[in-house]
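Take a look at the letters that make up each chain.
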Amino acid sequence: MKEKRNITIIDKKQIPSEEPARQYYFMDIAKKYVAELAEQKGAPLTFCVTTFGCQMNARDSEKLVGILEKIGYVEAPDEKADFVIYNTCTVRENANNKVYGRLGYLHGFKKKNPYMMIGLCGCMMQEPTVVEKIQNSYRFVDLIFGTHNIYKFAELIVTALESDSMTIDIWKDTDKIVEDLPVERKYSFKSGVNIMFGCNNFCSYCIVPYVRGRERSREPKEIVREIEHLVQDGVVEVMLLGQNVNSYGKDLEDGISFAELLRRINAIPGEFVIRFLSSHPKDATTELLDTILTCEKVGKHLHLPVQCGSNRILKEMNRRYTVEQYLEIVHYLRQKDPDFSLTSDLIIGFPNESEEDFQGTLNLLRTVQYDNVYTFIYSKRSGTKAADMPDVTSDQEKRERMERLLALQREIASEHYKRYLGRTLRVLVEGPSKKGAGWLIGKDRAYIIVEFEGPENCIGQFVDVRITGTKNWAVSGVLVDGKDETKHDSE
């Protein structure tokens, strides 16, 4: 049992039943508790939110930060803060072990700080065995909640502050989406925007549908309204977020498609680029492809995870498309725009992947000519169908296949990027490059990584860069004067 905090409990009357009014009511209460504790401490209470996992988690963390700042917490640079929150990922089991290790590290801080609270949220908390382990082995944790009720954060903080026991609030699933809660963006010039939550695909290797729940889409008017406000606030890159964005709208009464949503966002005034990453090939319709090609603000890039070049393995993965169907999408895009940028995810060493299966993946790379691929050696994930599949391929053989695949992709990309030499790209500058002092890095509308020398005031701006060099993962160039009339490759 944890020590109860020394606060004057507020008598709660006429708690609103509707959201988000209910959460703003609890924010007011939490703000009073935080002010009282800060007065006892003699300094503002601080917080540290650490994010593990995907862009969906990163966006959720921005919501946590928004609420914490709203109730009076001040952000700290490290985990010696008064409120430490781990927003967890559970795609791979070693991610869970990392969180357990960090909790042991925090325990020492908490023993010395009577104001300290520890909160855990995110996908890992949706696993009953995880929650049970934390209850038994990490009883100093104050608050546990999952992926479905993050909007209740303010209410849960109040409960945790008032309680002398661990607060646990885990939902198995939900159809609820709450709008208009505080959000504190990490970047002033770019922002993720949730358009949907959950996943219905049940790939045999993936735990996400079990921890994120079924697909549920936000209303299009709410998405457009949010993006309008972001653009008015100076945002020039909008990343649409979801586990599978191109299945957006299937659960809505009006049946709006992802393509139609893109067209509505594209019509918002202002210069900004629309990006998205999490697409499933089975939902890549001709309507969607044509929309990407014709809407000027939509990035000319598609991240289309193929996972494998073998139909046998794709069936075992429950991916619900064939290599031939996947290549039809690629050929359609490349026929319309030979320079269209494609990236993908690949899993090497799925249970019982043969050399013939692996050769199919290499042949797929040669055919598609990806700009970049994100590769993973298969990692067994308990709770998934694939975890029970027999596997006779050795770890050494899997690693050797990975090296062969990476060598081929380096060769393809190195040659592929040469097509940009001499061109001028319109680049959104994201920040300093690791290349050295004075170097910046950004991406063009086709998601091509570009490095160049330039002043820091370019960060967050669109600039023109003439390409003079290539690598196997990026291009480099020189900043072009605004009077340069070279045509952009993306126009």
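Residues numbered from 1 in each chain as written. Predicted model: local features only at pLDDT ≥ 70, side-chain atom pairs only at ≥ 80, totals over all residues. Heavy atoms only, no water.

## Things to note about the packing of aromatic side chains
Heads up, the condition is: Centre distance within 6.5 Å is the pairing criterion for rings of Phe, Tyr and Trp, where only the six-membered ring of Trp is used; planes under 30 degrees apart are then read as stacked, over 60 as edge-to-face, and the remainder as tilted. The numbering of helices and of strands both runs from the N terminus, where a helix is a DSSP run of H or I of at least 4 residues and a strand a run of E of at least 2. When a residue's accessible area, from a 1.4 Å probe over protein chains only, is under 20% of the maximum for its type it is buried; when over 50% it is exposed; and in between it is partly exposed. Criterion for a charge above a ring: Lys NZ or Arg CZ within 6 Å of the ring centre, and within 35 degrees of the ring normal.
Throughout the structure, instances matching the rule amount to 16 aromatic pairs. Measuring from centroid to centroid gives 4.9 Å for Tyr 105 and Phe 109, while their planes differ by 75°, and the two rings are edge-to-face. Here Tyr 105 and its partner Phe 109 are both found in helix H3 (residues 93-112), four residues apart, which amounts to about one turn of the helix. Classification of Tyr 105 as partly exposed rests on a relative accessible area of 46%. Grouped by ring-pair contacts, the aromatic residues Tyr 73, Phe 83, Phe 145 and Phe 153 constitute a single cluster. Over the face of the ring belonging to Tyr 447 we find Lys 443, whose NZ or CZ atom lies 4.9 Å from the ring centre. Taking NZ or CZ as reference, Arg 445 lies 5.4 Å from the ring centre of Phe 462, over its face.

## Regarding the pattern of salt bridges
Operational definition: A carboxyl oxygen of Asp or Glu within 4 Å of a side-chain nitrogen of Lys or Arg is what we treat as a salt bridge.
Following the criterion strictly, the structure yields 40 salt bridges and no others. The partner of Asp 283 in a salt bridge is Lys 250, with the nearest N and O atoms 2.7 Å apart. Note that Asp 283 is positioned in the loop between strand S11 (273-276) and helix H9 (286-294) and Lys 250 in the loop between strand S10 (237-241) and helix H8 (258-266), a separation of 33 residues in sequence. In this structure, the salt-bridge partner of Glu 415 is Lys 418, at a minimum N-O distance of 3.3 Å.

## Some remarks on the packing of helix H7 (residues 220-232) against H8
How two helices sit against one another is set out by the angle between their axes and by the gap between those axes. Note the threshold: Angles shown run from 0 to 180 degrees and are taken between the N-to-C directions of axes, each axis being a line fitted to C-alpha atoms and, for helices, limited to the stretch in contact. Any angle from 65 to 115 degrees is called roughly perpendicular, while one under 35 is roughly parallel, one over 145 is roughly antiparallel, and all others are oblique. In a left-handed crossing the near helix is turned counterclockwise from the far helix by less than a right angle, and in a right-handed crossing that turn is clockwise. Two residues qualify as a contact provided that any one of their heavy atoms is within 4.5 Å of a heavy atom in the partner residue. Classification used: nonpolar for Ala, Val, Leu, Ile, Met, Phe, Trp, Tyr, Cys and Pro, charged for Asp, Glu, Lys and Arg, polar for all others including Gly.
Close contact between H7 and H8 brings their axes to 10 Å; oriented N to C, the two are set at 30°. Our classification of the angle between H7 and H8 gives roughly parallel. In this structure, the crossing between H7 and H8 has a hand that is right-handed. For the pair formed by H7 and H8, the contact residues are Pro 220, Ile 223, Val 224 and Ile 227 on the first element and Leu 261, Arg 264 and Ile 265 on the second. In the contact of H7 with H8, the residues fall into six nonpolar, no polar and one charged.

## As for the side chain of Lys 443
What counts is decided by this rule: As used in this structure description, the phrase polar contact means that two N or O atoms lie within 3.5 Å; if the pair is within protein, one of them must be able to donate a hydrogen and the other to accept it, and residues adjacent in sequence are counted only when both atoms belong to side chains.
Counting through the fold element by element, Lys 443 comes out in strand S16 (residues 439-444). Residue classification places Lys 443 among the buried positions, given a relative accessible area of 14%. At 3.1 Å, the side chain of Lys 443 forms a polar contact with the side chain of Glu 430. When near neighbours in sequence (up to four residues on either side) are disregarded, Lys 443 contacts Arg 275, Arg 426, Val 427, Leu 428, Glu 430, Ile 448 and Ile 449.

## Considerations on the sheet that holds strand S15 (residues 424-432)
The following threshold applies: Whether two strands pair depends on DSSP finding at least two bridges between them.
Judged by pairing direction, the barrel is mixed, and its five strands sit side by side in the order S15-S16-S17-S19-S18 before closing back on the first. For this sheet, the mean angle separating the axes of adjacent strands, direction not counted, is 50°. With four bridges connecting them, strand S17 (residues 449-453) and strand S19 (residues 475-479) associate as parallel partners. Paired with Val 450 across the bridge in S19 is Val 475.

## Brief notes about the environment of Glu 253
Position of Glu 253 relative to the elements: it lies in the loop between S10 and H8. Counting along the chain gives 34 residues from Glu 253 to Glu 219, while the straight-line C-alpha distance between them is 9.8 Å.

## Looking at a negative patch on the surface
Our working definition: Think of a patch as exposed residues, more than 30% relative accessible area, with no salt bridge, where like charges cluster within 9 Å and nonpolar side chains (Val, Leu, Ile, Met, Phe, Trp, Tyr) cluster within 5 Å. Exposure was quantified through the Shrake-Rupley algorithm and a 1.4 Å probe, taking into account, for residues, occlusion by the shown protein chains and nothing else. Within this scheme the basic residues Lys and Arg register as positive and the acidic residues Asp and Glu register as negative, but His and the chain ends are omitted. Where a charge sits is defined by one atom per residue type, namely NZ (Lys), CZ (Arg), CG (Asp) or CD (Glu).
Among the surface-exposed residues, Glu 219, Asp 251, Glu 253 and Asp 254 lie close enough to one another that they form a single negatively charged patch. If you trace the backbone, Glu 219 turns up in the loop between strand S9 (216-217) and H7.

## Focus: the confidence of the model for the protein
Worth spelling out the cut-off: How sure the predictor is of each residue is captured by pLDDT, a score from 0 to 100.
With 97% of its residues at a pLDDT of 70 or more, the protein has an overall mean of 93. Of the regions scoring below 50 in pLDDT, residues 483-491 engages in 14 contacts with residues more than four places distant in sequence or in other chains.

## A few points about unusual backbone geometry
What you tend to see is this: most non-glycine residues have negative phi, and most peptide bonds are trans. A cis amide bond links Glu 19 to the next residue, Pro 20, at an omega of 5°. Note that Pro 20 resides in the segment before helix H1 (21-41). Not every positive phi belongs to a glycine, and Gln 369 is a case in point at roughly 60°. In this fold, Gln 369 is placed in the loop between helix H12 (355-368) and strand S14 (372-377). In this structure Gln 369 comes out as partly exposed when scored by relative accessible area, which is 27%.

## Here we look at the nonpolar core
The condition that has to hold: Think of a nonpolar core as a cluster: buried Ala, Val, Leu, Ile, Met, Phe, Trp, Tyr and Cys residues, connected wherever their side-chain atoms sit within 4.5 Å.
Judged by nonpolar contacts, the single largest core of 70 residues is most densely connected at Ile 227, Leu 240 and Phe 258. For this core, the element with the most residues is helix H11 (residues 323-336), which contributes six residues. Beyond its immediate sequence surroundings of up to four residues, Ile 227 is in contact with Val 193, Val 238, Leu 240, Ile 265, Ile 268 and Phe 272. Counting 37 residues, the second largest nonpolar core, distinct from the first, contains Ala 30, Leu 37, Ile 71 and Leu 181.

## Structural notes on the sheet that holds S10
An order of S7-S10-S11 is seen for the three strands of this open sheet, with the pairing classed as parallel. Of all strands in the sheet, those bounded by a partner on one side alone are strand S7 (190-194) and S11. Each strand of the sheet is rotated relative to its neighbour by a mean of 25°, with strand direction disregarded. Both S10 and S11 contribute to a ladder of four bridges, which runs parallel. Its bridge partner lying in S11, Glu 237 is registered against Val 273. In the packing of helix H2 (residues 55-70) onto the sheet, the strands contacted are S7 and S10, and the crossing angle to S7 comes to about 100°.

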